[in-house]
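# Overview (structure and organization)
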Amino acid sequence: MKEETTETKQIHDDKDLICSLCKRSDNMPEKYGEKITLQQHNLTVHYFYQGSPDSVLEGRCPAEFSSIPNQTHLSQLIKLMSSGICQRGEEDEDVHGFLVADIKKEIRRSSRLRCTSCKKVGASVGCSIKSCRQMIHMPCGLEQGFIFQFTDLFPSFCKKHAPSQSCVSSPSLPLSCSVCLEPIEPVLSYNVLKCPVCHGSWFHRNCVQHYAHSAAMFFFKCTLCNNKDQFQQEMLRMGIYIPERDAAWELEENAYEDLLQVYQHCDAVKCRCSKGRKYSSQSGVFEVVRCKLCGSRGTHRKCSNLRLYESDWICADCKAAVEEKKSVPLPNHVESPLAIRQERKRLFKNISDLHSSLISKRQCVPATSPEVLMDLARQISQQQSTEVLVEDDDGVMEAALRVLRQSDFNPCCTLSVKFSKDKLNSNIRSQRRFLRCLVSKLQMSEIFEGPDGNKNLALNSKALRDDLYFEVGSLLALSLVHGGPPVGFFSPALYHSLFNYPTNYRPTLQDLGDTAFAYKIRQIAEANSIKVLKKAMYSASQYLEAAGCWRKISKLSEKDVLVEDVLNFYLIIRLQLPLQRFREGLRTLGLFEQVQMCTEAFHSVFCGPVERLTAESVMELFTIQFSEEKEQHEKENTTVKFWKKYLHECEEGRCAASLEDLLTFATATDLVPSIGFHPTPSISFISSPDPSCAFPQSYCDANHLVLPVLPSYELFKKHLEYTVCQFSVMQDV
């Protein structure tokens, strides 16, 4: 019997052979495994092979299976999937101890059961929930969303009773499958899974199964956070099979054969050995000495003028690298087969570690937000422009959306803004005014809710239908990169939901704002007895049921978890689609990716409050351009003292103008742009023979302010206030 089994097992690629168990002829090794035929018994089944001829699994295997770890698992699996069969033979009899007669008996038994999917007979797998009567073929179950857990008793669950995952925080980058790197919609489903630890890795089911098959139990871990234990447990729970073996690349035939070889080749520019570059004597002048740093270059002692006792030789490439010089390639150089093999293995084995290290490095980029925005602004073309026609400040939002919705709109073009009622007609001034008003209008958009300066996303079906979340995100990105003011109105919860910063942030009641829902949840949070708590829960029952948080409470301490669940649902889970579209909008000009790499630096840009101007901060903005003449320099120095005194009086409210009015007069904006001022604001001086006619001047395009040199502070203040106030009046007209 043993000899027959060994002789008659053969693997076939014939597409006409049909598996006796799953009734399919598919020859897809990655999905169903190879086909094995027991010719003696006219029996064909799919199988999954692990490295031993006895590790054979009959065809009722799910697509995720690729191997069987050991005999015990095989025994449990066959008994689970086919209740009418048991292992009665020795381990080397027939199919790993399962006799052909028993297998055929089970085939006859299952032939009386009809599959609820394809309606054909032969179904042998059912849902583990006793009250559920669904019976299916294993391949049909995979197509219908069945989950097969390959742990413990190997239970199977239909789509209705299958386990699911939950999302306790908003998805963070990368919003792509962490295995194939293709875009992925971060919505949990049968085909989309996520890491339970970092909540940043998302996977296609097929991709993570291929990854598990290749990496196996010893190397299978989250590609982003490198967690192994919790990640594997979660994947097993969601029906991913993890072979109990070494990684596939470790099992290649003669995988480490090259390690038994040493490099024997002379790479000198001119080889003096008559027997050729590959010859190496045991000792003497024609012994090949290898580079002590890389080991993948060599030379005969004579070819590099090495003495017989010298063994410390460094090749030209390594020497150049150590000395930080560009190396000169050696002629006739042959790459070491050992080096090639080791490099390939290293890259293949450590791909997940490399991915994780890149993510960690990205998040620690030592760059300030103005530097990042300035780098993004280099995309903007000064030769091409997009015309934006605005009637007045109230029409800024409509004008921006109108331009954004144009089929030929290009965010890399300069914004040429024109206000129909603007008499000054300065492009830089109009652009900064436009962006300042735009951010203010966006804060009042229907996609946001909450108090001023602390906004969350609101769930608005009309805004979703009109794709307004994407458009607002795109306009905010445009504003920041084109030189607009800080956003300043995001709540910490919204910033965390978008960029996962800070990583340990937990939504609080303050994030809800002043709404009826917030009032109900605060009553629950403030309950001081179980009776009061139940009353508050009953009052908020509609909200709790909608959030899936309605439950029985027996202890007062359980309210904290309840409130946390409600906040997570209200601020994060229910807003997954709006958050996703908002992120896509923020990707305009590459902003989102850069913020993700510098989340701490951009926190103050997005979250309020925006820092108010002070006399000191305004003084620091401007550089002073003094004259070279000593006498004139002293007069200008006195004017600088007048300027500083006036700034302090403005801060204290003792002037007709404000610090914001002064900054607007000099730079055409009352807030420092997130990207900073370019060029840097500066001050120069002008002297006039008639002090009564000497007034300040501004050149907004150059962020330049010209101050008159006057004999007294009173006259300086009078002229400065008159000019700034007149400018403000003209701007408001």
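Rules behind the numbers
- Residues numbered from 1 in each chain as written.
- Predicted model: local features only at pLDDT ≥ 70, side-chain atom pairs only at ≥ 80, totals over all residues.
- Heavy atoms only, no water.
- UniProt positions renumbered as here; feature names shortened; annotations may be inferred.
- Helix = DSSP H or I, 4+ residues; strand = E, 2+ residues; numbered from the N terminus.
- Buried < 20%, exposed > 50% of the residue type's maximum accessible area, 1.4 Å probe, protein only.
- Contact = heavy atoms within 4.5 Å.
- Areas by Shrake-Rupley, 256 points an atom, 1.4 Å probe, with all protein chains shown as cover.
- Pairing = 2+ DSSP bridges.
- Axes fitted to C-alpha atoms, helices over the stretch in contact; angles between N-to-C directions.
- pLDDT = per-residue confidence, 0-100.
- Phe/Tyr/Trp six-rings, centres within 6.5 Å; stacked < 30°, edge-to-face > 60°.
- Lys NZ or Arg CZ within 6 Å of the ring centre and 35° of its normal.
- Disulfide = S-S within 2.5 Å.
- Salt bridge = Lys/Arg side-chain N within 4 Å of Asp/Glu carboxyl O.
- Patch = residues over 30% accessible without salt bridge, like charges linked within 9 Å, V, L, I, M, F, W, Y side chains within 5 Å.
- Lys, Arg positive; Asp, Glu negative; His and termini not counted.
- Charge placed at Lys NZ, Arg CZ, Asp CG, Glu CD.
- Core = buried A, V, L, I, M, F, W, Y, C linked by side-chain atoms within 4.5 Å.

With an unreviewed UniProt entry as reference, the chain is termed G2/M phase-specific E3 ubiquitin-protein ligase, source organism Labeo rohita. UniProt lists a comment for the chain under the heading Pathway (unreviewed entry), and it reads "Protein modification; protein ubiquitination."

Let us look at the overall build of the chain. Scanning the chain from N- to C-terminus turns up 26 helices and 19 strands. Looking at the 733 residues of the chain, the share that counts as buried comes to 49%. Sequence separation of 24 or more characterises 60% of the internal contacts of the chain that already satisfy a separation of 6 or more. Put simply, the chain shows about 37100 Å² of open surface, and 51% of that area lies on carbon and sulfur atoms.

Let us now look at the side chain of glutamate 234. Note on placement: glutamate 234 falls in helix H6 (residues 229–237). With residues near it in sequence (within four places) discarded, glutamate 234 still touches Gln165 and Pro196.

The next thing to look at is the sheet that holds strand E18 (residues 697–699). Spatially, the four strands line up as an open sheet ordered E16-E17-E19-E18, and their pairing is mixed. Each of the sheet's edge strands pairs with one partner strand only, and the pair in question is strand E16 (623–624) and E18. By the bridge criterion, three bridges tie E18 to strand E19 (residues 704–708) in an arrangement that is antiparallel. Bridge pairing links glutamine 697 to valine 706 in E19. Across the face of the sheet, helix H25 (residues 659–667) comes into contact with E18 and E19 while running at roughly 60 degrees to E18.

A cis amide bond links tyrosine 501 to the next residue, proline 502, at an omega of -10 degrees. Structurally, proline 502 can be placed in the loop between helix H15 (492–499) and helix H16 (516–525). Following histidine 678, the chain continues into proline 679 via a peptide bond in cis, with omega recorded as 5 degrees. With respect to the helices and strands, proline 679 occurs in the loop between H25 and strand E17 (682–686). Phi angles above zero are rare outside glycine, and asparagine 305 is one such case at about 55 degrees. Relative to the helices and strands, asparagine 305 resides in the loop between strand E11 (298–300) and helix H7 (316–322). Asparagine 305 gets classed as exposed once you look at its relative accessible area, which sits at 59%.

This part covers the confidence of the model for the chain. Mean pLDDT for the chain: 79, with 78% of residues reaching 70 or above. Per-element confidence in the chain is highest for helix H14 (residues 468–481), whose mean pLDDT is 95, and lowest for helix H2 (residues 71–81), whose mean pLDDT is 37. Confidence drops under pLDDT 50 across residues 47–84; counting only partners more than four residues distant or on other chains, this segment forms 126 contacts. Note that pLDDT drops below 50 for residues 340–365; the model gives that stretch 35 contacts with residues more than four away or on any other chain.

Here the focus is the packing of aromatic side chains. This structure, assessed with the given rule, holds 24 aromatic pairs. An angle of 25 degrees between the planes, with centres 6.0 Å apart, marks the rings of phenylalanine 146 and phenylalanine 148 as stacked. The two residues phenylalanine 146 and phenylalanine 148 agree in class, both being buried. Taking 6.0 Å as the distance between ring centres and 45 degrees as the angle between the ring planes, the aromatic pair formed by phenylalanine 490 and phenylalanine 582 counts as tilted. With phenylalanine 490 in the loop between H14 and H15 and phenylalanine 582 in helix H20 (residues 576–586), this residue pair connects regions lying 92 residues apart in the sequence. Overall, phenylalanine 582 belongs to the buried group, its relative accessible area being 0%. Geometry around tyrosine 713 places lysine 645 over its ring, the cationic atom sitting 4.4 Å from the centre.

Here H15 lies mainly inside the structure; seven of its eight residues are buried. Looking only at H15, the buried set comprises Ala493, Leu494, Tyr495, His496, Ser497, Leu498 and Phe499. Taken together, the buried residues of H15 touch strand E14 (448–449), strand E15 (456–457), helix H19 (559–571), H20, helix H21 (591–597) and helix H22 (599–606). Asparagine 500 sits one or two positions beyond H15 and adopts a positive phi of about 55 degrees.

Here we come to the side chain of glutamate 649. Structurally, glutamate 649 can be placed in helix H24 (residues 630–651). With near-sequence residues (within four places) excluded, glutamate 649 lies in contact with Arg654, Cys655, Tyr713 and Lys717.

Below, the discussion takes up the state of the cysteines. Following the criterion strictly, the structure yields zero disulfides and no others. Here cysteine 118 stays unpaired: no disulfide links it, and the sulfur of cysteine 115, its closest cysteine neighbor, is 3.8 Å away. Residue class for cysteine 118 comes out partly exposed when judged on its relative accessible area of 29%. With no disulfide of its own, cysteine 303 lies 3.8 Å from the sulfur of cysteine 266, the closest cysteine sulfur.

Per the counting criterion, the structure on display carries 18 salt bridges. Across the salt bridge formed by glutamate 471 and arginine 405, the nearest N and O atoms sit 2.8 Å from each other. Taken together, the residues glutamate 471 in helix H14 and arginine 405 in the loop between helix H11 (396–404) and strand E13 (413–419) connect sequence positions 66 residues apart. The class of glutamate 471 is buried, set by a relative accessible area of 9%. Close ionic contact of aspartate 467 with arginine 581 constitutes a salt bridge, the shortest N to O distance being 2.8 Å. Residue aspartate 467 is located in the loop between helix H13 (461–465) and H14, and its partner arginine 581 is located in helix H20; the two are separated by 114 residues in the primary sequence. On the basis of relative accessible area, arginine 581 is assigned to the partly exposed category, the value being 26%. Each of Glu584, Arg587 and Glu593 takes part in one network of salt bridges that share partners.

Mapped onto the fold, lysine 644 is located in helix H24. Relative accessible area serves as the criterion here: at 40%, lysine 644 is assigned to the partly exposed category. Along the backbone, lysine 644 and methionine 619 are 25 residues apart, and their C-alpha atoms lie at a distance of 7.2 Å.

Bringing a negative patch on the surface into the picture now. Judged by side-chain charge, Glu628, Glu629, Glu631 and Glu634 come together as a negatively charged surface patch. Mapped onto the elements, glutamate 634 comes out in helix H24. When its relative accessible area of 48% is taken as the criterion, glutamate 634 is described as partly exposed.

Counted residue by residue, E17 has four buried out of five residues, so it is predominantly covered. Where E16 meets E17, two bridges bridge the pair, whose relative direction is parallel. Its bridge partner being in E17, threonine 623 is matched across the sheet by serine 682. Here five bridges tie E17 to E19, and the two strands are oriented parallel to one another. Paired with isoleucine 683 across the bridge in E19 is leucine 705.

With 60 residues, the main nonpolar core has Phe434, Phe490, Phe582 and Phe606 as its most contacted residues. In terms of residues, this core owes the most to one element, H14, which gives nine residues. Leaving out residues up to four positions away in the same chain, phenylalanine 582 has contacts with Ile447, Phe448, Leu457, Tyr469, Phe470, Val472, Gly473, Leu476, Phe490 and Leu498. Counting 32 residues, the second largest nonpolar core, distinct from the first, contains Leu613, Ala615, Ala657 and Ala666.

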